[in-house]
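What the coordinates show
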Amino acid sequence: MTWIDLGNPLPKHPSDPYQPFRWATGKIQRLPAGSTVASPAVLEVLQQRRTVRQFASLEDEGLADFLWYACRAHETWPSDLGFELESRASPSAGAIHPIHLLIKRPNDLRWWLYEPRGHFLAELTTAPKVLNGLCEHSQQVVDAPHATLILFLAEPGKTLAKYQEGCSLIWRDAGAQLATMALAAYGLGLNFCPLGITGEPWASALAEEGQLVGVGLAFLGLAP
Ligand SMILES: Cc1cc2nc3c(=O)[nH]c(=O)nc-3n(C[C@H](O)[C@H](O)[C@H](O)COP(=O)(O)O)c2cc1C
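Only a predicted model underlies this, so the values are computations on that prediction, with no experimental measurement involved.

Attention now moves to the site of the ligand. Contacts to the ligand come from R50, T51, R53, V141, V142, L178, C193, P194, L195 and G196. Considering each element in turn, the shell around the ligand owes the most residues, three residues, to strand β10 (residues 190–195).

Take a look at the structure:
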């Protein structure tokens, strides 16, 4: 067995200010605020949540509710790291939230970046070509042609601005985000399935020199 030691994270003093990645975006799609949903109590969600691998197409209102409850930023505040810190449903080391969520809806060839601070989607103009192989690869893992595909795309420089040996924090953030999404999906009556693949080698080809790296995927959809 080979255990890859990612080191023991410690805050840097002083931190290394970081210039966040600049995306090439096209169209913007504003999303409606989350609707009031009759959902089960949180303790029932914790007892009942299960992975379900059958999906019907999720319409935009349902996707907007999911992103609103599971992923949006509730609060932001300035930092000396070169970007804002955030509070979301999911915990994140240092409140840094280094994982971007890229969304690929069924019947739409485009990929969209979810912007948690404004609750909107931004089209990623170069992504369809770069991520085409990843769509096929995901379908080989779980056959889900009607599901919405979510790519967890980490920007390690954000976390590494504050922490030395911080790589394990990014994987733990990915796990926290995945669990939050799985529980939110159940609460909203949606089906959700994490994928063990990382999204590599396609995901990191969206940027140069390891600025972005794939740290997982998931399928989301309506119960058929
Ligand atoms: C990190 C992670 C990766 C997973 N990868 C896959 C996968 O590639 N394919 C799949 O069908 N399920 C995958 N799953 C779902 C697990 O198989 C599922 O959580 C497990 O069987 C327990 O079932 P439950 O979620 O209903 O409790 C993954 C779950 C996690 C947390």
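Let us now look at the environment of E115. Relative to the assigned elements, E115 resides in strand β6 (residues 112–115). Along the primary structure E115 and H100 are separated by 15 residues, whereas in three dimensions their C-alpha atoms are 8.2 Å apart. Residues within four places of E115 in sequence aside, it is in contact with F120 and A122.

Moving on to helix α5 (residues 167–187). Given a rise of 1.5 Å per residue, 21 residues ought to cover 30 Å, and the 31 Å separating the end C-alpha atoms of α5 matches this to within 8%. Every buried residue of α5 is accounted for by L169, I170, D173, A174, Q177, L178, M181, A182, A184, A185, Y186 and G187. Just downstream of α5 lies G189, where phi reads positive at about 75°.

In this structure, F66, F152, A154, A185, A218, F219 and L220 are the most contacted members of the largest nonpolar core, which totals 57 residues. Here this core gets nine residues from one element, more than from any other, and that element is α5.

Next up on the list: the pairing of strand β11 (residues 213–222). With nine of ten residues buried, β11 lies mostly within the body of the structure. Relative to β11, strand β8 (residues 148–154) runs antiparallel, the two being bridged by six bridges. Following the sheet pairing, T148 is matched in β11 by L220. With six bridges connecting them, β10 and β11 associate as antiparallel partners. Within the sheet, the bridge partner assigned to F192 lies in β11 and is L220.

What counts as what
Residues numbered from 1 in each chain as written. Predicted model: local features only at pLDDT ≥ 70, side-chain atom pairs only at ≥ 80, totals over all residues. Near = placed C-beta within 6 Å. Helix = DSSP H or I, 4+ residues; strand = E, 2+ residues; numbered from the N terminus. Contact = placed C-beta atoms within 7 Å. Expected span 1.5 Å × (residues − 1). Buried ≥ 20, exposed ≤ 12 C-beta atoms within 10 Å, placed from the backbone. Core = buried A, V, L, I, M, F, W, Y, C linked by C-beta atoms within 7 Å. Pairing = 2+ DSSP bridges.

Keep in mind these values describe shape, not function.
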